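Inside the fold
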Amino acid sequence: SSLNFLHPTSAAAVCKLQAGMAPTDYDEDVVADLIQRIQVYCYPRRIRVKEFFNDFDPLRHGRCTAINFHRALDMIGVSLTDAEADMLTEHFTNSGANVVPPQIVNYIKFCQAVDEVFVQGSPAEHMMSSSPSSTQLMTFKASSLEEEERFMHALHRLASLCKARGVFFKWLFTDVDRAPIPSPSRLSPYMGGKVTKEQFIRRFPFKKEFDPKDVELLADNYLTEKGDVHFMAMHNDISEVTSHEAPPFPTSPLFLKPDDSEWSQGRFSAVDKIRAKVVEKRVRLKEHYQDFDPLRKGFCTASQVKTVFTILNLAKDIDRNDFEQLIGMYTRDDGLFCYADFCADVDKEFTIPNLEKDPLAQTSMPDSHSTMPARRNKVNLNSEQMAMWTWLEDKIRSQVRTNRLNMIPAFQDMDRTHTGHISKNQFHRVMATMGFNLTEDEVNLLGKVYCDLGNHLDFNYADFMKSVDVPTEDVELAISQLQAPYQGFEPAQYFDPRGKVMQSQHDGLLA
């Protein structure tokens, strides 16, 4: 059991029992009082008495001689007589087969008894300075209920101002405070927690915000019996409202709104998504899996499958559910993943197995439709939304054609990297600039159609312009001619270099 300094008799008995010593003729209460005196001395100075015994116990077996025990007590600084020191030495002396003289005093038990003060709290008799909680017996008594309400209002204002302006109230008076017990070595001992009333009024920080009568009222409420103002008690009262702890680290947690939209990639399996991405990037999977299969058995572990996806930068394109679906499709009973079958299914887009057995078979190259599951992910609209979208686009298309609006440069100003996508807010700003008064619901409806990257933010304005600003046949012909490959100069068939009509071969034969 632990030592309780508030019960001297039982504390000394516990120390005696723990030390393993025989009963003696001295009074146990006197030993408990001595230990309490040492605790009172060590607690405000935060002294750990074990440090003074380490030099006398090089082997660290927890015992020292009686002379060294006396020396350690003198080094601690406690004022003890020789008789009191001998009494402590006799109390903590061990006896037994394992105790070898002259190291017979168990200083470890003595240190544990003294250090209990740091576990239990302040001793009952604290002779250094009175704690702020013990100074709440104020000499001031409110004369009326209105005066007490005025005092509480002033105290609340003081706490609010200290919290808002970051003022640590007790630091304003630490240079002029006075201890309750004067010391001959220092004329003005610090950390007493009290100042005179004149010093309190002179150093009060909020003189502009407070009426002088309110400052006087605060000072009178915290007056001690000797006429000093206990600013530490006031600081403790305002600290219940004011917190001087470090502010919490600023964070910006991500809160995703619930999305009930059905995306187009939900119709495709994990193999279809990976096949489309492999075709888009033109990568081969089998060679990377063979690095983990030196015997070429066609099997690997699930973690190695994820490693290959990470190496090929495919892990970000499939989520956890797709990966678990893929593992369940190609995993055999012993838990190994059959990458040979998986690679064969993915490579069907590049080649057809056993093509040499069918010489009349025709193959086609991968096109944009092959990579569509990997590049685009749109929201599936219902019939009502489709009808609303068709009516809205017809309205925009009519206005663009009537007013001959050239909207592409306005969108390209927002798309500095020429990706063909801008944010939905930027799309709304451009449409408002061009004179289209679209509501938020209409913008969200268009976003469901043209936000094709799996989110509701990136708007594909290129596809939107192809839909609302359809070029005429002449414009399409001019664009096709402009984008056609270069053709060299060909001489005219009917005119010579001088501009005269050339005679054809048929006319020459008739002549």
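First things first, this report covers the structure right here in the doc.

Thoughts on helix H4 (residues 82–91)
Along H4, the positions that sit buried rather than exposed are Ala85, Leu88, Thr89 and His91. Down the axis of H4, the buried set is contained in an arc of 165°. They therefore lie on one face. Away from its buried face, by an angle of more than 90 degrees, H4 presents the exposed residues Asp82 and Ala83.

Considering the packing of aromatic side chains
The geometry of two aromatic rings is summed up by the distance between their centres and the angle between their planes. For the coordinates displayed, the defined rule picks out 30 aromatic pairs. Look at Phe173 and Phe200: their rings are 5.5 Å apart centre to centre, the planes differ by 15°, and that puts the pair in the stacked class. In this pair, Phe173 is assigned in the loop between helix H7 (145–165) and helix H8 (197–202) and Phe200 in helix H8, connecting sequence segments 27 residues apart. Given a relative accessible area of 0%, Phe173 falls into the buried group.

Description of a negative patch on the surface
On the surface, Asp74, Asp82, Asp86 and Glu90 cluster together into a negatively charged patch. Per-element accounting of the negative patch gives the leading share, three residues, to H4. Following the sequence through the fold, Glu90 ends up in helix H4.

Things to note about the pattern of salt bridges
Within the structure shown, the criterion is met by 15 salt bridges. Among the ionic pairs, Lys273 bridges to Asp322, the shortest N-O distance being 3.1 Å. Of the two residues, Lys273 is situated in helix H11 (residues 270–281) and Asp322 in helix H14 (residues 320–330); the sequence distance between them amounts to 49 residues. Of the two residues, Lys273 and Asp322, both sit in the buried class. Two residues, Arg376 and Asp452, come together in a salt bridge whose shortest N-O distance is 2.9 Å. Linking Arg376 in the loop between helix H16 (368–375) and helix H17 (383–403) with Asp452 in the loop between helix H20 (440–450) and strand E6 (458–460), this pair joins segments that are 76 residues apart in sequence. Overall, Asp452 belongs to the buried group, its relative accessible area being 1%.

Examining the nonpolar core
If you look at the biggest cluster of nonpolar residues, it comprises 28 residues, and the most contacted ones within it are Leu158, Phe169, Phe200, Phe204, Phe210 and Leu218. Counting only elements with at least two residues in this core, the list comes to H7, helix H9 (212–221) and helix H10 (231–239). Per element, the largest residue contribution to this core is seven residues, and it comes from H7. The contacts of Leu158, once residues within four sequence positions are left out, are Phe169, Phe204, Phe206, Phe210, Leu218, Met234 and Ile238. Residues Ile35, Ile47, Val49 and Ile76 belong to the second largest nonpolar core, which totals 25 residues.

Definitions and limits used
- Residues numbered from 1 in each chain as written.
- Predicted model: local features only at pLDDT ≥ 70, side-chain atom pairs only at ≥ 80, totals over all residues.
- Heavy atoms only, no water.
- Buried < 20%, exposed > 50% of the residue type's maximum accessible area, 1.4 Å probe, protein only.
- Helix = DSSP H or I, 4+ residues; strand = E, 2+ residues; numbered from the N terminus.
- Arc of directions from axis to C-beta.
- Phe/Tyr/Trp six-rings, centres within 6.5 Å; stacked < 30°, edge-to-face > 60°.
- Patch = residues over 30% accessible without salt bridge, like charges linked within 9 Å, V, L, I, M, F, W, Y side chains within 5 Å.
- Areas by Shrake-Rupley, 256 points an atom, 1.4 Å probe, with all protein chains shown as cover.
- Salt bridge = Lys/Arg side-chain N within 4 Å of Asp/Glu carboxyl O.
- Lys, Arg positive; Asp, Glu negative; His and termini not counted.
- Charge placed at Lys NZ, Arg CZ, Asp CG, Glu CD.
- Core = buried A, V, L, I, M, F, W, Y, C linked by side-chain atoms within 4.5 Å.
- Contact = heavy atoms within 4.5 Å.

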